[in-house]
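Residue strings, one per chain:
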Amino acid sequence: MSDNTIQQINKLSFVTSLLAIVSAAVVGILGIWEVVDTADGLLWKALGTCGAVFAAAVLTNLAIACYRSPGGH
């Protein structure tokens with residue numbers, strides 16, 4: 001992979017992680033104000049989705065860090 005491609009993936013994963021945090025905050029606030037129904041589990045599914053997207057973005061960022069310096073050097 002070229003360095004430019006790696007930088008683009010790194011930027012995208014960083015922006016994705018920030019968007020996941022903001023999305024989780026919005027979903028949480030909507031759940032507190034009962035705009036999102038909690039009876040059918042929609043709130044928890046939405047929060048879980050935000051968490052999964054955040055975890056994937058963070059793991060992508062860590063994988064790029066390992067790719068750039070294998071063995072921690």
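The shown structure was predicted, so the numbers you read here are calculated from the model rather than taken from an experiment.

(A) View of the overall build of the protein. For the protein, the helix and strand inventory stands at 2 helices and 0 strands. Rg of the C-alpha trace for the protein: 16 Å, well past the compact-globule value of 11 Å for 73 residues, more than 25% over. Once the C-alpha set of the protein is aligned to its principal axes, its extents read approximately 50 × 20 × 15 Å. Across the 73 residues that make up the protein, the buried fraction comes to 16%. Sequence separation of 24 or more characterises 66% of the internal contacts of the protein that already satisfy a separation of 6 or more. Surface summary for the protein: the accessible area is close to 5,300 Å², and the carbon and sulfur share equals 71%.

(B) Broad picture of the environment of Ser17. Its place among the elements puts Ser17 in helix 1 (residues 3–32). The exposure class of Ser17 is buried, given its relative accessible area of 11%. In this structure the C-alpha to C-alpha distance between Ser17 and Ala57, which are 40 residues apart in sequence, comes to 5.4 Å. Every residue in contact with Ser17, bar those within four places of it in the chain, is listed here: Phe54 and Ala57.

(C) Spatial organisation of unusual backbone geometry. For Glu34, which is not glycine, the phi dihedral falls at a positive 60 degrees. Within the secondary structure, Glu34 sits in the loop between helix 1 and helix 2 (42–68).

(D) Here's a closer look at helix 1. When the terminal C-alpha atoms of helix 1 are compared, their 44 Å separation across 30 residues agrees well with the 44 Å that a helix rising 1.5 Å per residue should span. Among all positions in helix 1, only Ile6, Ser13, Ser17, Ala20, Val27 and Gly31 are buried. Of the surrounding secondary structure, the elements contacted by the buried residues of helix 1 are helix 2. Where helix 1 ends, the next residue or the one after it, Glu34, has phi of about 60 degrees, a positive value.

(E) Structural detail: the packing of helix 1 against helix 2. Two elements in contact, helix 1 and helix 2, have axes whose closest approach is 8 Å; the angle formed by their N-to-C orientations is 160 degrees. Between helix 1 and helix 2, the angle falls in the class roughly antiparallel. Relative to helix 2, the crossing made by helix 1 is left-handed. Here the residues of the contact of helix 1 with helix 2 sort into 15 nonpolar, 10 polar and 1 charged.

About the criteria used
- Residues numbered from 1 in each chain as written.
- Predicted model: local features only at pLDDT ≥ 70, side-chain atom pairs only at ≥ 80, totals over all residues.
- Heavy atoms only, no water.
- Helix = DSSP H or I, 4+ residues; strand = E, 2+ residues; numbered from the N terminus.
- Rg over C-alpha atoms; globule rule 2.2 N^0.38 Å.
- Buried < 20%, exposed > 50% of the residue type's maximum accessible area, 1.4 Å probe, protein only.
- Contact = heavy atoms within 4.5 Å.
- Areas by Shrake-Rupley, 256 points an atom, 1.4 Å probe, with all protein chains shown as cover.
- Expected span 1.5 Å × (residues − 1).
- Axes fitted to C-alpha atoms, helices over the stretch in contact; angles between N-to-C directions.
- Parallel < 35°, antiparallel > 145°, perpendicular 65-115°, else oblique.
- Left-handed = near helix turned anticlockwise from the far one by under 90°.
- Nonpolar A, V, L, I, M, F, W, Y, C, P; charged D, E, K, R; others polar.

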